[in-house]
Amino acid sequence: SHSIYIKVLNFYRVDPKTGLSAQQVVQARAQYGRNELAPDEGTPLWKLILKQFDDLLVKILLVAAVVDFIIAASSGESFLSALVEPLVIMLILVANATVGVVTERNAEQAIEELKAYEAAAATVLRDGLLQQVPAAELVPGDIVELTVGDQVPADLRVVQLMSNLLRVDQSILTGESHSVEKHVEPVLLAKAVYQDKVNLLFSGTHVTSGHCRTVVVGTGAATAIGKIRDAMTASQE
């Protein structure tokens, strides 16, 4: 079955029995960066408020409120009665802006909460030695071992099952209510979705059964969860 995933291992120039060398790790980190999602700086409150008024319809309503006040005041109405309609328009716009700000703040919080799914550590094979390293230090090509209870520290391609069965809970990514079986065999579908990629383990998911050896194929923003975060950030903008 080695020939099935030999292309992946060859791409990263890694032997699954020894892992990457220290020099390869340094080179890969320079190329791919650290295995972590960049912190979301968040939008200042004043920018969020201004953004709510940066809309053509809102600007038309603001102009309408001013014009209405000028017409009412010039027609001899008292100051208070001239303020009634413009005030109603302003209250509606303020309410709309408040809802907009709260919605965007919640979206920013949801984006930031994705960082909570990052694993703290990983068991990696380097220079022939199994060692524990911070998950943020993993690089594409690293050989990672996982067992029951482990949080998947990056997007990984299964290269060897070390138990009869390997099951993973990937509900945070796919919404599946039960754990799914993973294996080494290739996926032959041309347009495979996450549920179809049964030889990949996704960052942030959990191993519920089994023991395996894998190769890192995606880190940081290049993981499935990183792409979801980027998509959420883009849609917010």
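Residues numbered from 1 in each chain as written. Predicted model: local features only at pLDDT ≥ 70, side-chain atom pairs only at ≥ 80, totals over all residues. Heavy atoms only, no water.

Engineer: Help me understand the packing of aromatic side chains, please; the structure alone is not making it clear to me.
Structural biologist: For the structure on display, the rule yields two aromatic pairs. When the ring of F11 is compared with that of Y12, the centres are 4.9 Å apart and the planes differ by 85°; the resulting orientation is edge-to-face. By relative accessible area, which is 57% here, F11 ends up exposed. Where Y194 meets F202, the ring centres are 5.2 Å apart and the plane angle is 70°; that geometry is what we call edge-to-face. (Phe/Tyr/Trp six-rings, centres within 6.5 Å; stacked < 30°, edge-to-face > 60°. Buried < 20%, exposed > 50% of the residue type's maximum accessible area, 1.4 Å probe, protein only.)

Engineer: What should I look at first to understand a nonpolar patch on the surface in this one?
Structural biologist: Where nonpolar side chains cluster on the molecular surface, the patch consists of V63, V67 and I71 and spans about 260 Å² of accessible area. In this fold, I71 is placed in helix α4 (residues 56-74). You can call I71 exposed: its relative accessible area is 53%. (Patch = residues over 30% accessible without salt bridge, like charges linked within 9 Å, V, L, I, M, F, W, Y side chains within 5 Å. Areas by Shrake-Rupley, 256 points an atom, 1.4 Å probe, with all protein chains shown as cover. Salt bridge = Lys/Arg side-chain N within 4 Å of Asp/Glu carboxyl O. Helix = DSSP H or I, 4+ residues; strand = E, 2+ residues; numbered from the N terminus.)

Engineer: For this particular structure, what's the right way to read the environment of E185?
Structural biologist: Relative to the helices and strands, E185 resides in the loop between β6 (180-181) and β7 (200-201). E185 gets classed as partly exposed once you look at its relative accessible area, which sits at 40%. With 17 residues separating them along the chain, E185 and V168 place their C-alpha atoms 16 Å apart. A polar side-chain atom of E185 sits 3.2 Å from a polar atom in the side chain of H183. (Polar contact = N/O pair within 3.5 Å; in protein donor to acceptor, adjacent residues only side chain to side chain.)

Engineer: What's the story with the sheet that holds strand β2 (residues 129-134) in this structure? I'm lost.
Structural biologist: With antiparallel pairing, six strands are arranged side by side in an open sheet as β2-β1-β3-β9-β4-β7. The sheet is open, and its two borders are formed by β2 and β7, each paired with just one other strand. Of the strand pairs in this sheet, strand β4 (residues 155-161) and β7 are connected by two bridges, and their pairing is antiparallel. Following the sheet pairing, R157 is matched in β7 by L200. (Pairing = 2+ DSSP bridges.)

Engineer: It is not clear to me how the pattern of salt bridges should be interpreted in this structure. Could you clarify?
Structural biologist: The final tally for this structure, using the stated rule, is five salt bridges. Between R126 and D142 there is a salt bridge; the shortest N-O distance is 2.7 Å. A residue pair is termed long-range when its members are at least 10 positions apart, and R126 in strand β1 (residues 121-126) and D142 in the loop between β2 and β3 (143-147) qualify at 16 residues. Looking at R126, the relative accessible area reads 9%, which means it is buried. The exposure class assigned to D142 is buried, which follows from its relative accessible area of 0%.

Engineer: Help me understand the sheet that holds strand β8 (residues 206-209) in this model?
Structural biologist: For sheets, the rule is that strands pair by backbone hydrogen bonds, running either parallel or antiparallel. Pairing in this open sheet of three strands is antiparallel, and the strands run β6-β5-β8 from one edge to the other. For this open sheet the edge positions go to β6 and β8, each flanked by a neighbour on one side alone. In this structure, strand β5 (residues 167-169) lies alongside β8, joined through three bridges in antiparallel fashion. Bridge pairing in β8 places D169 opposite H206.

Engineer: Explain the nonpolar core here, please?
Structural biologist: Core analysis: the largest hydrophobic core is formed by 29 residues, its most contacted members being L138, L146, L156 and L201. Those elements that place two or more of their residues in this core are α1 (2-11), α2 (22-32), β1, β3, β4 and β9 (211-218). When near neighbours in sequence (up to four residues on either side) are disregarded, L138 contacts N35, A122, V124, R126, V133, V144, P153, A154, V216 and T219. (Core = buried A, V, L, I, M, F, W, Y, C linked by side-chain atoms within 4.5 Å. Contact = heavy atoms within 4.5 Å.)

Engineer: Just to check I follow, could you spell out unusual backbone geometry for this structure?
Structural biologist: Where the residue is not glycine, phi is negative for most of them; where a peptide bond is considered, it is trans in most cases. Of note, the phi angle at R13 is positive, near 50°, even though the residue is not glycine. Its place among the elements puts R13 in the loop between α1 and α2. The phi torsion at D127 lies on the positive side, around 55°, for a residue other than glycine.

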